[in-house]
Amino acid sequence: MAPNNAVLILGNLTEPVVTLLAEHCRTAGLTVHHLSDNTTGPLTLTHRYRAIFNCYDESPGWYFEHLPPEILRLIEPKAFCFVSALCHIPSEAAATYPSPNRVIGFSGLPLVSGRPVMEVAPAVGVNAVTLGEASRFLDDLGITSIAVPEMPGLVLGRVLAMLVNEAASALMEGVASAEAIDEAMRLGTNYPQGPLAWGDQVGLDVIVNILDHLTTYAGAERYQPVPLLLNKLAAGELGVKTGQGFHTYGSKQSGRAVVRRHMRLVE
Amino acid sequence: MNSSETVFKTVGVLGAGTMGAGIAQVAAQAGYAVLLYDVTSEFTERGLSGILAFLQKGVDKGKTAPEVLEQVRARITPTTALADLADCDLVIEAVPEDLELKRRLFAELDGLLAPGAILASNTSSLSITAIAGATQRPQQVAGLHFFNPVPLMKLVEVIRGARTSEATVEALQTFAESLDKTLVIAKDTPGFIVNRVARPFYSEALKILAECGGDSPVNLQTIDTALREAGGFRMGPFELMDLIGIDVNFAVTQSVYQATFGEPRYRPHPLQAQKVAAGLLGRKTGQGFYDYGPE
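Nothing here was measured: the structure is a model prediction, and the numbers come from that model. (Residues numbered from 1 in each chain as written. Chains lettered and ligands numbered in written order. Predicted model: local features only at pLDDT ≥ 70, side-chain atom pairs only at ≥ 80, totals over all residues. Heavy atoms only, no water.)

Novice: Please clarify how the overall build of chain B should be interpreted in this entry.
Specialist: When you go through chain B residue by residue, the secondary structure sums to 12 helices and eight strands. Taken over C-alpha atoms, the radius of gyration comes to 20 Å for chain B, in line with the 19 Å a tight globule of 295 residues would show. Each principal axis of the C-alpha atoms in chain B carries an extent, and together these give about 60 × 45 × 35 Å. Buried positions account for 54% of the 295 residues belonging to chain B. For chain B, restricting intrachain contacts to residue pairs at least 6 apart in sequence, the fraction spanning at least 24 positions comes to 65%. As presented, chain B carries roughly 12,400 Å² of accessible surface, and 53% of it is formed by carbon and sulfur atoms. When the 26 basic and 33 acidic side-chain charges of chain B are each reduced to a single mean position, those positions are 3 Å apart. (Helix = DSSP H or I, 4+ residues; strand = E, 2+ residues; numbered from the N terminus. Rg over C-alpha atoms; globule rule 2.2 N^0.38 Å. Buried < 20%, exposed > 50% of the residue type's maximum accessible area, 1.4 Å probe, protein only. Contact = heavy atoms within 4.5 Å. Areas by Shrake-Rupley, 256 points an atom, 1.4 Å probe, with all protein chains shown as cover. Lys, Arg positive; Asp, Glu negative; His and termini not counted. Charge placed at Lys NZ, Arg CZ, Asp CG, Glu CD.)

What follows is the structure in C-alpha cells.
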C-alpha cells in the first residue's frame with residue numbers, strides 16, 4: 001500500500017452511506033480512517049490522505065477547528081475535499097476550507113440502493129481539470145460520478161426527499177396504507193422502490209435533514225417536513241437502521257430520538 | 001361463455017377511447033361479457049379494432065393464442081345506445097375528465113340499471129364522492145382507476161368515496177383480482193395515491209430547471225440523467241412528460257392543485273404552461289422539452 005493511499009471520512013450523519021463508501025474505498029485498496037462522534041481510541045496515523053469525505057452536519061468549517069493538528073498535517077495539499085451535499089452547499093463549505101478549489105460536493109444516496117453511482121457538484125472555484133481528476137479518483141473506487149449543479153441534496157436527494165414527504169403526507173392523512181402507497185408507486189409508475197421504503201432505506205433523519213436545508217435554501221414552505229416525518233424522528237424510528245420506519249425491519253432496536261440539528265436556531 | 005369465477009355477469013364500459021377499450025379488453029379476456037359504449041359507432045368501432053389489433057400483435061409474436069382473439073371479439077358488443085347497458089351489473093365509466101359529463105351519465109345510468117348494480121369511474125382526477133352524488137346509490141359508486149396501457153399495467157386503484165359501502169369495495173376488489181390486476185385501496189382524495197405522490201417528481205424537476213438557468217438541452221439532460229442513473233428511475237421527468245404528453249401531465253397537476261383549493265406545493269409551473277400554450281406537447285407533436293426530429 002502506497003503511504004499516501006488513505007482516505008479520511010469524517011462524521012456518520014448519513015449512515016448507511018458512510019459505511020458503504022468506506023467499503024468501496026477499502027475494496028479499491030485504500031486505507032480508511034473514520035472519525036466521528038463514535039470513534040474511540042487512537043488512530044494509526046501513518047498515511048497521508050488523498051481525499052476527505054466530510055459527512056458531518058456541523059457548520060462547514062467546523063471540522064478544521066476541531067481536528068487535531070496531527071491529522072490536519074496529513075492531508076495532502078492536493079487532496080480532494082468531498083463534502084456531503086446532503087448537509088452543505090459546496091461553495092459555502094469551500095469558503096472555510098484551506099483549499100477551496102478542491103472542494104466538491106457529493107451525494108452517496110445511490111450507494112444505499114446498491115447503485116455504484118454518486119452525484120458530484122463542484123464548488124465555484126473548482127476547475128474542469130480538478131473535477132475530471134476527482135471523477136477518475138471515484139472511478140478507481142468503482143463509483144461512476146454524475147456532475148450536477150449544487151443544491152441541498154443534489155438532484156436525486158432533493159427529488160427523493162420531496163417524494164418521501166409527499167408519500168408521508170398521504171400516509172398521514174390516511175389515504176392508504178404504507179404498503180399500498182409503496183406498491184402503487186412501484187406498479188403504477190414504475191418507481192424503482194416505493195418512496196416510504198426508500199426513505200426508510202436512506203434514513204428518515206437524512207430525508208428530514210435535506211428538507212430542512214431546502215427550507216432554508218429556498219425559503220419555501222413546500223419543503224417543510226410533514227408532521228408524521230417529524231414524529232418518526234422524535235420516536236427514533238429512522239428506518240432500516242433502527243428496525244422501524246414507515247415499515248418494520250427485523251428485530252426492532254430502540255432508537256434514540258433525533259434532534260433536528262439544523263433547526264437549532266441561534267438564540 | 002362466462003367463467004364461473006366472474007363476479008359480475010355483464011360489464012358495461014362507457015367510453016371506447018384508449019382507457020375504455022383497454023378496460024373492455026382485459027374484462028373480455030377474463031371471461032366477462034362486455035358492452036362497449038360510445039356516442040358514435042365510429043368511436044366504438046375504432047375502440048374495438050384497436051383491441052383486436054393489439055391482440056393480433058400478440059398472436060403474431062406467438063404470445064397470445066389465436067382463440068383468445070376470437071373469444072374477445074365474441075364477448076365485446078359495441079353499442080351507441082346507453083339503454084343497452086340496462087342489464088349490466090357493473091358499469092365502468094371512462095369518458096373525458098369532465099365532472100358534469102360524468103355526473104350526467106351516472107344519473108342516467110342510475111335510472112337504467114338494476115338496484116344492485118355497481119357504478120365505477122376510471123377518473124384519475126375528479127372526486128368520486130362528487131360523481132356519486134349525482135346518483136341515488138352513492139354506496140354503490142366507487143373509483144376503479146386503471147393505468148395506461150391497461151393490458152400491461154398491473155395496478156388498479158380502488159377508490160372509496162365518502163359514502164361507498166364496504167360491500168362495493170369488496171366486490172370491486174374481487175373483480176380487479178379476476179382481471180389479474182394488483183389492487184390498492186385508497187380514500188377519495190385529490191390524485192388518490194399515484195397521481196398525488198408522483199407530483200414532486202415533476203414539480204421539483206421544473207424548479208431545479210428554473211434555478212439552474214432554465215430550459216436548455218444540457219440542463220434537461222443533467223436532471224433526467226441524474227434521476228435515471230443515480231436514482232434508478234426508468235425515465236427522467238422531462239423525457240417522461242414528453243412521452244405521456246406535457247398537456248396530460250399538466251392537466252393532472254392543475255387538477256390536484258384546484259381540488260386542494262390551491263395547496264402551494266401542487267402549484268403548476270409556468271414553464272410547463274408555456275410548453276402547452278406553444279403546442280409543444282412532447283413526442284406526439286414531435287417536440288416537447290426535447291426535439292424528436294423533423295416535423
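Continuing now.
Novice: Is there a simple way to explain empty space enclosed by the protein in this structure?
Specialist: Rolling a probe over the atoms, with the probe sized like a water molecule, indicates the empty space that remains. For the structure shown, the criterion picks out one cavity of 30 Å³ or more. Contributing to the lining of the largest cavity are Met162, Asn165, Glu166, Ser169, Arg222 and Val226 of chain A together with Pro200 and Arg265 of chain B. It is helix 7 (residues 154-172) of chain A that provides the largest number of residues to the lining of the largest cavity, a total of four residues. Of the residues in the lining of the largest cavity, the class split is three nonpolar, two polar and three charged. (1 Å grid on protein atoms, 1.4 Å probe; cavity = no way out; pocket = protein on both sides within 12 Å on 5 of 7 lines; lining within 4 Å. Points joined across faces, edges and corners; volume = space filled by probe spheres on them. Nonpolar A, V, L, I, M, F, W, Y, C, P; charged D, E, K, R; others polar.)

Novice: How should I be thinking about the sheet that holds strand 1 (residues 6-10) of chain A in this particular structure?
Specialist: Backbone hydrogen bonds are what pair the strands of a sheet, in a parallel or an antiparallel way. Residue and element names in this part refer to chain A. With mixed pairing, the seven strands of this open sheet are ordered in space as 2-1-3-4-5-6-7. Two strands lie at the open edges of the sheet, namely strand 2 (31-35) and strand 7 (144-147), each paired on one side alone. Within this sheet the neighbouring strands show an average axis-to-axis angle of 30°, counted without direction. As paired strands, strand 1 and strand 2 are joined by five bridges and run parallel to one another. The residue of strand 2 that forms the bridge with Ile9 is His34. Along the sheet, helix 6 (residues 128-140) contacts strand 1, strand 3 (49-54), strand 4 (75-84), strand 5 (103-107), strand 6 (117-122) and strand 7; its crossing angle with strand 4, the most-contacted strand, is approximately 80°. (Pairing = 2+ DSSP bridges. Axes fitted to C-alpha atoms, helices over the stretch in contact; angles between N-to-C directions.)

Novice: What am I meant to see in the environment of Thr189 of chain A here?
Specialist: All names here are of chain A. Structurally, Thr189 is set in helix 8 (residues 178-189). A relative accessible area of 18% places Thr189 in the buried class. Sequence separation of Thr189 and Lys241 is 52 residues, and the distance between their C-alpha atoms is 27 Å.

Novice: Sorry if this is basic, but what is going on with the packing of helix 8 of chain A against helix 9 (residues 195-202) of chain A here?
Specialist: What describes two packed helices is the angle between their axes and the distance between those same axes. Residues and elements named next belong to chain A. As a packed pair, helix 8 and helix 9 sit with axes 7 Å apart at the nearest point and diverge in direction by 100°. Judged on the interaxial angle alone, helix 9 and helix 8 are roughly perpendicular. Each of Ala178, Ile181, Asp182 and Met185 in helix 8 lies in contact with helix 9, whose residues at this interface are Pro195, Leu196 and Ala197. Residues that form the contact of helix 8 with helix 9 fall into these classes: six nonpolar, no polar and one charged. (Parallel < 35°, antiparallel > 145°, perpendicular 65-115°, else oblique.)

Novice: For this particular structure, what's the right way to read the side chain of Ser203 of chain B?
Specialist: Positionally, Ser203 of chain B belongs in helix 8 (residues 199-211). Ignoring anything within four residues of it in the chain, the contact list for Ser203 of chain B reads Arg222 of chain A together with Arg265 of chain B.

Novice: Explain the packing of aromatic side chains here, please?
Specialist: For any pair of aromatic rings, the description consists of the separation of the ring centres together with the inter-plane angle of the planes. All names here are of chain A. Under the criterion given, the structure shown has 14 aromatic pairs over all chains. Arranged with centres 4.7 Å apart and planes meeting at 10°, the rings of Phe53 and Phe82 form a pair that is stacked. Pair noted here: Phe53 is in strand 3 and Phe82 is in strand 4, with a separation of 29 residues, a long-range link. Side by side, Phe53 and Phe82 carry an identical accessibility label, which is buried. Residues Phe82 and Phe106 carry aromatic rings whose centres are separated by 6.3 Å and whose planes lie at 85° to one another, so their mutual orientation is edge-to-face. Separated by 24 residues along the polypeptide, Phe82 in strand 4 and Phe106 in strand 5 bring together distant segments of the chain. Joined through ring pairs, the aromatic side chains of Phe53, Phe80, Phe82, Phe106 and Phe137 make up one cluster. A cation sits over an aromatic face here: Arg222 above Tyr223, 5.5 Å from the ring centre. (Phe/Tyr/Trp six-rings, centres within 6.5 Å; stacked < 30°, edge-to-face > 60°. Lys NZ or Arg CZ within 6 Å of the ring centre and 35° of its normal.)

Novice: What should I look at first to understand the sheet that holds strand 6 (residues 141-146) of chain B in this one?
Specialist: All names here are of chain B. Judged by pairing direction, the sheet is mixed, and its eight strands sit side by side in the order 3-2-1-4-5-6-7-8 without closing on themselves. Edge strands, defined here as strands with exactly one partner in the open sheet, are strand 3 (76-79) and strand 8 (182-187). Going across the sheet, the axis of each strand differs from the next one's by a mean of 25°, ignoring polarity. Seen against the sheet, helix 4 (residues 99-112) touches strand 1 (10-14), strand 4 (90-93), strand 5 (118-121) and strand 6 and runs at an angle of roughly 165° to strand 5.

Novice: When you look at the nonpolar core in this model, what are you seeing that I'm missing?
Specialist: The tendency in soluble globular proteins is for nonpolar side chains to be buried side by side. In terms of nonpolar packing, the biggest core is built from 79 residues, with Leu229 and Phe246 of chain A together with Ile193, Phe201 and Phe238 of chain B touching the most fellow members. Counting residues per element, this core draws most heavily on helix 7 of chain A, at 13 residues. Ignoring anything within four residues of it in the chain, the contact list for Phe246 of chain A reads Val164, Ala168, Leu171, Ala178, Leu196, Asp200, Leu204, Leu228, Leu229 and Lys232 of chain A. Judged by nonpolar contacts, the second largest core, of 43 residues, contains Leu8, Cys81, Tyr97 and Ala123 of chain A. (Core = buried A, V, L, I, M, F, W, Y, C linked by side-chain atoms within 4.5 Å.)

Novice: Help me understand the environment of Ala121 of chain A in this model?
Specialist: All names here are of chain A. Summarising the element assignment, Ala121 is placed in strand 6. Residue classification places Ala121 among the buried residues on the basis of a relative accessible area of 0%. When the C-alpha positions of Ala121 and Met172 are compared, they lie 34 Å apart, and in sequence the two are 51 residues distant. Not counting chain neighbours up to four residues away, the residues in contact with Ala121 comprise Pro90, Ile104, Gly105, Val148, Pro149, Glu150 and Leu154.

Novice: Sorry if this is basic, but what is going on with the interface of chain A and chain B here?
Specialist: Size of an interface, as often reported, equals the accessible area lost when the parts are brought together. Counting residues at the interface gives 40 residues for chain A, matched by 38 residues for chain B. With both sides pooled, the region where chain A packs onto chain B buries about 3,500 Å², and carbon together with sulfur makes up 67% of that total. When residues of chain A are sorted by the area they lose upon contact with chain B, Glu166, Val175 and Arg222 of chain A head the list and together hold 19% of the total. Taken together, the connections running from chain A to chain B amount to six salt bridges. Between Glu166 of chain A and Arg265 of chain B there is a salt bridge, and its shortest N-O distance comes to 2.7 Å. At the boundary of chain A and chain B, one finds 17 residue pairs in polar contact (both at pLDDT 80 or more). Sorting elements by how many residues they give to the side of chain A that touches chain B places helix 7 of chain A first, with 10 residues. (Buried area = accessible area lost by both parts, 1.4 Å probe. Salt bridge = Lys/Arg side-chain N within 4 Å of Asp/Glu carboxyl O. Polar contact = N/O pair within 3.5 Å; in protein donor to acceptor, adjacent residues only side chain to side chain.)

Novice: Before we go on, may I ask you to explain helix 3 (residues 66-75) of chain B in this structure?
Specialist: Along an α-helix, residues three or four positions apart point the same way, because every turn accommodates 3.6 residues. Residues and elements named next belong to chain B. Residues of helix 3 that are buried: Leu69, Val72 and Arg75. Angularly, the buried residues of helix 3 cover 135° about the axis, an arc narrow enough to put them on a single face. Buried residues belonging to helix 3 abut helix 1 (18-29), strand 2 (33-37), helix 2 (41-60) and strand 3. (Arc of directions from axis to C-beta.)

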